[in-house]
Amino acid sequence: MQTLAQDLRYALRQLRLSPIFATTAIVTLALGIGATTAIFSLVHSIMLRSLPVADPASLYRIGDSDECCVESGLQDDWSIFSYALYQRFQQAAPEFEQLAAFQGGGGGLGVRRADSHEPAKPLRGEFVSGNYFSMFGVNAFAGRTLTPSDDRPSAAPAAVLSYREWQQSYASDPKVLGATFILEGHSFTIVGIAPPGFYGDTLRSDPPALWLPLQQEPMVMGDNSRLNLPATNWLRIIGRLKPGASSSTLPARFTTIIRQWIPESGMTTDPEQSARIRKRLPQQHVEVVPAGGGVAIMKREYHDSLRLLMIICAVVLLIACANIANLLLARGAVRRQQTSVQLALGISRRRLVRQALTESVLLAGLGGLAGIAVAYAGTRLVLALAFHSAHFVPIHATPSLPVLAFAFILSLLTGVLFGTAPAWLATHADPAEALRGANRSTRDSSSLPQKALVIVQATLSVVLLASAGMLTHSLRNMEHRDFGFAPQNRVAVELQPPPASYTPERLAALYRAAIERLDRIPGVERAAFVMYNPLSGDNWGEGVAVEGKPQTEDSDASWERVSAGFFETVGEPILRGRGITEQDNANTRPIAVVNEAFAKKFFPNEDPLGKHFGMDLPAYAGTYEIVGVVRDAKYTDPQGKTRSMFFVPLAQTAPYKGSIERVETESHFMRGAMLLYHGETGSLEPQLRRALGEVDANLAIISVQPFPELIAINFDQQRAVAQLAGLFGILALILAAVGLYGVTAYTVARRTNEIGVRMALGANRTNVIRLVLRGAFLQIAIGLAIGIPLAIAAGRLLGSQLYQVSSWDPAALATAIALLALCALLASIIPAQRAASVDPVKTLRTE
């Protein structure tokens, strides 16, 4: 310990004597370690962090996929379930202490205080079983959580409010506890405030603000209720295993329950569908997986992107390490005479290596401390880029203990990594040099490791720059592709639907009056309502039965309910027939407009106009008459294959019965509106709120966005990756340029005598500059020769994240080469100018 203390004091003294060197090294390391730690903060929060609940290791989820939010058919790999199935699982799984169910993707609820005259505010709510909080081991911050006694049909309606919502919307008002709130027109009592940091069962942007008992779902949702529909799956299930219990037998047991339950569920009474279902029964299965991290939606969404960013950060850190190693090598060469004297006086090489390693680890530690500040700022930047459109994400920029431990270990490893080689080389000086005096060599082999490190930096820089260029090019291709719409001058409005008590007839009149009022807003040329705005992330799909044709397993399609003039409003061209007009109302035959993909799928080599089809069962195959075909457009996944779609009028109600009747009824609640608008969008939102409020106070607006912005939100993740890759690429380029400058300046300093002799023998300034630049660009050329093939290989590895971009994208490679060459020129021209300014007379006098 005494020796270590001596080494630390010596290292601190050496750093204090070389402030420029120390500052450069610490800043370089702070950038490398900080960037890597920032990305690891995101990796830890999304991929590794457990739910903020008691003993997350004992939590297990029934189902392992991310199906959301309602599924009425077979799932094969089951992950969402009906309430009836949840009850069966409870009875069949004594291994669980508790088994809790919760809504698979909560929706918005119109909420206001009963004693307030403010309009209803849309809050995200989630229906949960009464044992939800006790299963997680979560206690209330104030009041109490929901209990099984709240989850009874006869219980007084109760709700738990999130801590953040209590703070943000109600200023931590203690009177909120026990107050009556109006939710979708029904009175609820706030019985508790959830603890700080609890965001529910799933890490996602904008988590629930309210938790409500499952048994209150029929009252809130009215005719759209799913609780008592045995064949409608909408719940996810997580349970806590008893101590010592095993989950190994649960998948087979739950799979057996599923296969027995399907024929009993009343899923269909149609003989043809029943035969298809029996055929698919052996494919139905259920997995039981650890759920310490909750439902891993974000983990699956960001897995590939985070892995790519970690690789990029590791490359940047390697470049930073190479820079520090270069600085230490140059410093060791300058101190070679001192090292020779120390060796001549009897100091062991081991002690000198230990001193050098202590200095490098100390540097890394100081760089790591500075890197934590960089990591904090970097994490905030990453969150802002990755979740650009979210109001709130339960991920904090403040480094957690695991992140701090990561930064410490990374600093330690970095110090050893960049300090070992310079320490070893510095101690291999010949002690006899101490007796010879000044170093007179002109072509010293000690610069070879430095030049090799510059080559490595150039290689890695061109790989990063080319990769960033390919990702940027890919993003540009995705954002500017043809989505099938004319997005210019279009505005998307997200709406909170009216209460479930509204009938389809009342809704039709309501939306008709709303359109008339919206059309009177200055600048609004057209307005139309839609079940979900295009590219908003939501989608409905049903099985399709075509008149005169057998129904197959692939007979499904997405669909939208829209008001008259929707296609003209959104800019989706009608290719054949007509669109939906005001004449398509409750007194006319139900009609539908289909897209090209639908026509090709269900009517290959046929004219679809005049043909009939329906939803669900063959008995409904004659429900809709096709009156038009519209161009294919992206309504759900902007990167995926265009799905077959059909569109039905808002003003019409098809004569369905059974479970599909509920779907028909619920589809009349519009959650979006599209406007063709000419004007400034900044002044539009208050006019929209006022106009819709005049029609019905329950028509609450959640957001107003220009359609191009709504489209761009779909590429937030790709944009964040491309921007961060570009940022890290530029950082790598700067570090490589600094490294090249250092090596070139060091080489010029050691060859000053040689350069002076050359100039004395007739070499001019141009010859000297050319000599220095040739040496610098030789290193860059070797780096490019190695880096370009590696960049092409990296492009192939990036293939799954690239859209219409080849792995050898010429523009990306050319840009990377040009940027590296420009930075190399800037980094080497200053030492070259300094070399050309050598006075040959002084040099000869020294010789």
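See above for the structure.
Below: a short report on this structure. (Residues numbered from 1 in each chain as written. Predicted model: local features only at pLDDT ≥ 70, side-chain atom pairs only at ≥ 80, totals over all residues. Heavy atoms only, no water.)

### A short note on the overall build of the chain
In step 1: In terms of helices and strands, the chain carries 25 helices and 24 strands.
In step 2: C-alpha extents for the chain along the principal axes are approximately 110 × 60 × 55 Å.
In step 3: Here the chain holds 847 residues, and the buried ones make up 54% of them.
In step 4: Within the chain, contacts between residues separated by at least 24 positions form 82% of all contacts whose residues are at least 6 apart in sequence.
In step 5: Roughly 36,100 Å² of accessible area belongs to the chain as shown, and the carbon and sulfur atoms make up 58% of that amount.
In step 6: Distance between charge centroids for the chain: 14 Å, based on 76 positive and 70 negative side chains. (Helix = DSSP H or I, 4+ residues; strand = E, 2+ residues; numbered from the N terminus. Buried < 20%, exposed > 50% of the residue type's maximum accessible area, 1.4 Å probe, protein only. Contact = heavy atoms within 4.5 Å. Areas by Shrake-Rupley, 256 points an atom, 1.4 Å probe, with all protein chains shown as cover. Lys, Arg positive; Asp, Glu negative; His and termini not counted. Charge placed at Lys NZ, Arg CZ, Asp CG, Glu CD.)

### Concerning the side chain of Asp716
In step 1: As for its position among the elements, Asp716 is in helix H21 (residues 716-750).
In step 2: In this structure the side chain of Asp716 is engaged in a polar contact, spanning 2.8 Å, whose partner is the side chain of Arg719. (Polar contact = N/O pair within 3.5 Å; in protein donor to acceptor, adjacent residues only side chain to side chain.)

### With respect to the pairing of strand S16 (residues 540-546)
Looking down a regular strand, the side chains alternate between one sheet face and the other.
In step 1: The buried fraction of S16 amounts to five of the seven residues, a majority that puts the element mostly inside the structure.
In step 2: Summarising the sheet, S16 and strand S17 (residues 556-562) pair through four bridges and their orientation is antiparallel. Bridge pairing links Gly543 to Asp556 in S17.
In step 3: Strand direction decides the pairing type here: S16 and strand S20 (residues 612-615), joined by three bridges, are antiparallel. If you follow Val544 over to S20, its bridge partner there is Met615. (Pairing = 2+ DSSP bridges.)

### Focus on the pattern of salt bridges
In step 1: Taken as a whole and assessed by the stated rule, the structure comprises 23 salt bridges.
In step 2: Here Glu126 and Arg204 are joined by a salt bridge, their closest N and O atoms 2.9 Å apart. Highlighted residues: Glu126 in strand S5 (residues 121-128) and Arg204 in the loop between strand S9 (186-193) and strand S10 (210-213), separated in sequence by 78 residues. Arg204 matches Glu126 in its accessibility class, with the two residues each being buried.
In step 3: A single network of salt bridges, built from pairs that share partners, joins Arg226, Arg662, Glu666 and Arg671. (Salt bridge = Lys/Arg side-chain N within 4 Å of Asp/Glu carboxyl O.)

### A short note on a nonpolar patch on the surface
In step 1: A surface patch of nonpolar side chains, amounting to about 500 Å² of accessible area, comprises Phe408, Ile409, Leu412, Leu413 and Val416.
In step 2: Relative to the helices and strands, Val416 resides in helix H12 (residues 401-426).
In step 3: Owing to a relative accessible area of 40%, Val416 belongs among the partly exposed residues under this scheme. (Patch = residues over 30% accessible without salt bridge, like charges linked within 9 Å, V, L, I, M, F, W, Y side chains within 5 Å.)

### Structural notes on H21
In step 1: The end-to-end C-alpha separation of H21 is 51 Å, in line with the 51 Å expected for 35 residues at 1.5 Å each.
In step 2: The buried fraction of H21 is high, at 25 of 35 residues. (Expected span 1.5 Å × (residues − 1).)

### Some remarks on the packing of helix H1 (residues 2-17) against helix H2 (residues 19-48)
In step 1: At a minimum axis separation of 5 Å, H1 and H2 run at an interaxial angle of 105°. On the basis of the axis angle, H1 is roughly perpendicular to H2. Contact residues: H1 offers Leu15, Arg16 and Leu17, while H2 offers Pro19, Phe21 and Ala22.
In step 2: Residues that form the contact of H1 with H2 fall into these classes: five nonpolar, no polar and one charged. (Axes fitted to C-alpha atoms, helices over the stretch in contact; angles between N-to-C directions. Parallel < 35°, antiparallel > 145°, perpendicular 65-115°, else oblique. Nonpolar A, V, L, I, M, F, W, Y, C, P; charged D, E, K, R; others polar.)

### Some details on helix H3 (residues 83-92)
It helps to recall that an α-helix has 3.6 residues per turn; residues three or four apart then point in one direction.
In step 1: For H3, the full list of buried residues reads Tyr83, Leu85, Tyr86 and Phe89. Buried residues of H3, seen end-on, are gathered within an arc of 155° and therefore sit on one face of the element.
In step 2: Buried residues along H3 sit against strand S1 (59-62), strand S2 (77-78), strand S3 (96-103), strand S11 (235-241) and helix H7 (250-264). (Arc of directions from axis to C-beta.)

### Some words on unusual backbone geometry
In step 1: In this model, Glu184 sits at a positive phi of 50°, which is unusual for a non-glycine residue.
In step 2: Residue placement: Glu184 occurs in the loop between strand S8 (180-183) and S9.
In step 3: Among the residues examined, Glu184 registers a relative accessible area of 11% and is labelled buried.
In step 4: Its identity as a non-glycine residue notwithstanding, Asn489 has a phi of 65°, on the positive side.
In step 5: For Asn489, the position within the fold is in the loop between helix H14 (447-479) and strand S14 (490-496).
In step 6: A relative accessible area of 43% means that Asn489 is categorised as partly exposed.

### Section: the nonpolar core
Most often, soluble globular proteins keep nonpolar side chains buried together rather than apart.
In step 1: Formed by 113 residues in total, the largest nonpolar core has its most connected members in Ile46, Phe136, Phe198, Trp211, Phe387, Ile395 and Phe566.
In step 2: The residues contacting Phe566, other than those within four sequence positions of it, are Ala528, Phe529, Val530, Pro534, Tyr635 and Met674.
In step 3: Counting 52 residues, the second-largest nonpolar core is a separate cluster that includes Phe529, Tyr532, Phe613 and Tyr620. (Core = buried A, V, L, I, M, F, W, Y, C linked by side-chain atoms within 4.5 Å.)

### Quick notes on the environment of Ile297
In step 1: Inspection of the secondary structure assignment puts Ile297 in helix H9 (residues 297-334).
In step 2: Discounting chain neighbours no more than four positions away, the residues touching Ile297 are Asp66, Thr202 and Arg236.

### A few points about the state of the cysteines
In step 1: One pass over the structure, following the stated rule, counts zero disulfides.
In step 2: Lacking any disulfide linkage, Cys313 is separated from the closest cysteine sulfur, that of Cys321, by 13 Å. (Disulfide = S-S within 2.5 Å.)

### Notes on the packing of helix H23 (residues 765-797) against helix H24 (residues 810-836)
In step 1: Remark: H23 packs on H24, axes separated minimally by 9 Å, with the N-to-C direction vectors making an angle of 155°. Judged by the inter-axis angle, H23 sits roughly antiparallel to H24. Note on packing geometry: the crossing formed by H23 with H24 is right-handed. Only Leu813, Ile817, Leu820, Ala821, Ala824, Leu825, Ser828, Ile829, Ala832, Gln833, Ala835 and Ala836 of H24 make contact with H23, whose side of the interface consists of Arg765, Val768, Ile769, Val772, Leu773, Ala776, Phe777, Ile780, Leu784, Ile788, Ala791 and Ile792.
In step 2: Across the contact of H23 with H24, the residue classes break down as 21 nonpolar, two polar and one charged. (Left-handed = near helix turned anticlockwise from the far one by under 90°.)

### Details of the packing of aromatic side chains
In step 1: In the structure shown here, the tally under the stated rule is 37 aromatic pairs.
In step 2: Between the aromatic rings of Phe40 and Phe406, the centroid separation amounts to 3.9 Å while the plane-to-plane angle is 10°, which identifies the pairing as stacked. Of this pair, Phe40 sits in helix H2 while Phe406 is found in helix H12, placing the two residues 366 residues apart along the sequence. Neither residue differs from the other here; Phe40 and Phe406 are each classed as buried.
In step 3: Seen in terms of ring centroids, Tyr132 and Phe136 are 5.1 Å apart; in terms of plane orientation they differ by 90°. Their pairing is edge-to-face. Here Phe136 and Tyr132 lie together in helix H4 (residues 132-136), a separation of four residues that amounts to about one turn. (Phe/Tyr/Trp six-rings, centres within 6.5 Å; stacked < 30°, edge-to-face > 60°.)

### Quick look at the environment of Asn714
In step 1: Residue position: Asn714 is located in the loop between helix H20 (707-713) and H21.
In step 2: As for Asn714 and Pro638, which are separated by 76 residues in sequence, their C-alpha atoms are 7.3 Å apart.
In step 3: Residues contacting Asn714, with those up to four places away along its chain left out, are Leu535, Thr636 and Pro638.
In step 4: Among the polar contacts made by the side chain of Asn714, one reaches the main-chain carbonyl oxygen of Leu535 at a distance of 3.0 Å.
In step 5: There is a polar contact of 3.1 Å between the side chain of Asn714 and the backbone oxygen of Leu710.

### Some points on the environment of Arg253
In step 1: The residue Arg253 is located in helix H7 in this model.
In step 2: Judged by its relative accessible area of 25%, Arg253 falls in the partly exposed class.
In step 3: The spatial distance from the C-alpha of Arg253 to the C-alpha of Ala93 is 8.6 Å, given a sequence separation of 160 residues.
In step 4: Once residues lying within four places of it in the same chain are set aside, the contact partners of Arg253 are Ala92, Ala93, Pro94 and Glu95.
In step 5: At 2.6 Å, the side chain of Arg253 and the side chain of Glu95 are in polar contact.

### Overview of the pairing of strand S23 (residues 672-677)
In step 1: Of all six residues in S23, six are buried, a share of seventy percent or more.
In step 2: Here S23 shows a buried face lined by Gly672, Met674 and Leu676 and a second buried face lined by Ala673, Leu675 and Tyr677.
In step 3: Looking at chain direction, S14 and S23 are connected through five bridges and run antiparallel. Directly across from Glu494, in S23, lies its bridge partner Gly672.
In step 4: Bridge analysis of strand S15 (residues 524-530) against S23 gives six bridges, and the strand direction is antiparallel. Considered in S23, the bridge of Val524 is made with Tyr677.

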